[in-house]
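Residues per chain, in single letters:
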Amino acid sequence: MEQFLSDYGLTWVGDEGSHEDSKQETLHSSEGHSSYSFQPDFDLVLENLRDLNVLGGEGVSHIEYKKGAARLRSPEPVPLTLYKNGIIMFQGPFRSYQEPLTQQCLRDIMDGYFPSELQTRFPDGVTFQRLWPRSTDTRWS
């Protein structure tokens, strides 16, 4: 693979951390059928959310014009709650890690990109408000 990429002036960067990725995404076989288990790297998600918030304009105010007046306004962050087995973005619904759209959203974040599902709504990026689940919430345990 490295030789193929070097022919085009590219460099392979997939070796570092690929062992961890393979531990997190595994294919299990039980009773004759396969199920796909996805578990995000929460440390990487949180680290990348901090970086994405900077790119999305965290702490930067924009001028909002309304009825002949102007005021400074910070962009509204997207509420995001991480659970052991899924996420809630905006006001819900709960999205399991087994759903392909949820997996794609978290892969985008783990790769350092804004979630592609938000691209049409926020073409210039967005900030995230990281919320923590209540300790009594059963989805976390």
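Criteria and cut-off values
- Residues numbered from 1 in each chain as written.
- Predicted model: local features only at pLDDT ≥ 70, side-chain atom pairs only at ≥ 80, totals over all residues.
- Heavy atoms only, no water.
- Helix = DSSP H or I, 4+ residues; strand = E, 2+ residues; numbered from the N terminus.
- Buried < 20%, exposed > 50% of the residue type's maximum accessible area, 1.4 Å probe, protein only.
- Contact = heavy atoms within 4.5 Å.
- pLDDT = per-residue confidence, 0-100.
- Pairing = 2+ DSSP bridges.
- Core = buried A, V, L, I, M, F, W, Y, C linked by side-chain atoms within 4.5 Å.
- Polar contact = N/O pair within 3.5 Å; in protein donor to acceptor, adjacent residues only side chain to side chain.

Once that is clear, we can look at the environment of Leu 80. Looking at the element boundaries, Leu 80 is found in strand β5 (residues 78-82). Overall, the relative accessible area of 3% leaves Leu 80 in the buried class. In sequence terms Leu 80 and Trp 132 are 52 residues apart; their C-alpha atoms lie 8.6 Å from each other. Here Leu 80 is in contact with Leu 49, Ile 87, Ile 88, Met 89, Ile 109, Phe 128, Gln 129, Arg 130 and Leu 131, once residues within four sequence places are set aside.

Put simply, the protein chain has an average pLDDT of 80, and 77% of its residues get 70 or more. Considering only residues more than four positions removed or in separate chains, one finds that residues 18-34, a stretch of pLDDT under 50, has 19 contacts.

Little of strand β3 (residues 62-66) is tucked away: zero of the five residues are buried. Here β3 runs beside strand β4 (residues 69-73); their pairing, made up of five bridges, is antiparallel. Its bridge partner being in β4, Ile 63 is matched across the sheet by Leu 72. Between β3 and β4, which pair antiparallel and follow one another directly, the connecting turn spans two residues, one of which, Lys 67, has a positive phi of 50 degrees.

The subject of this paragraph is the nonpolar core. Within the largest apolar cluster, 18 residues are counted, with the highest numbers of intra-cluster contacts made by Leu 80, Ile 87, Leu 106 and Ile 109. Residue assignment for this core shows that the elements contributing at least two residues are α3 (42-55), β5, β6 (86-89) and α4 (100-110). Setting aside its immediate chain neighbours within four residues, Ile 87 contacts Leu 80, Thr 81, Leu 82, Pro 93, Phe 94, Arg 95, Tyr 97, Thr 102, Cys 105 and Leu 106.

Here the focus is the side chain of Arg 95. As for its position among the elements, Arg 95 is in strand β7 (residues 94-96). On the accessibility criterion, Arg 95 (11% relative accessible area) is buried. Within polar-contact distance, the side chain of Arg 95 engages the side chain of Thr 102 at 3.4 Å. What Arg 95 contacts, discounting residues up to four positions off in sequence, is Asn 85, Gly 86, Ile 87, Met 89, Leu 101, Thr 102, Cys 105 and Glu 117.

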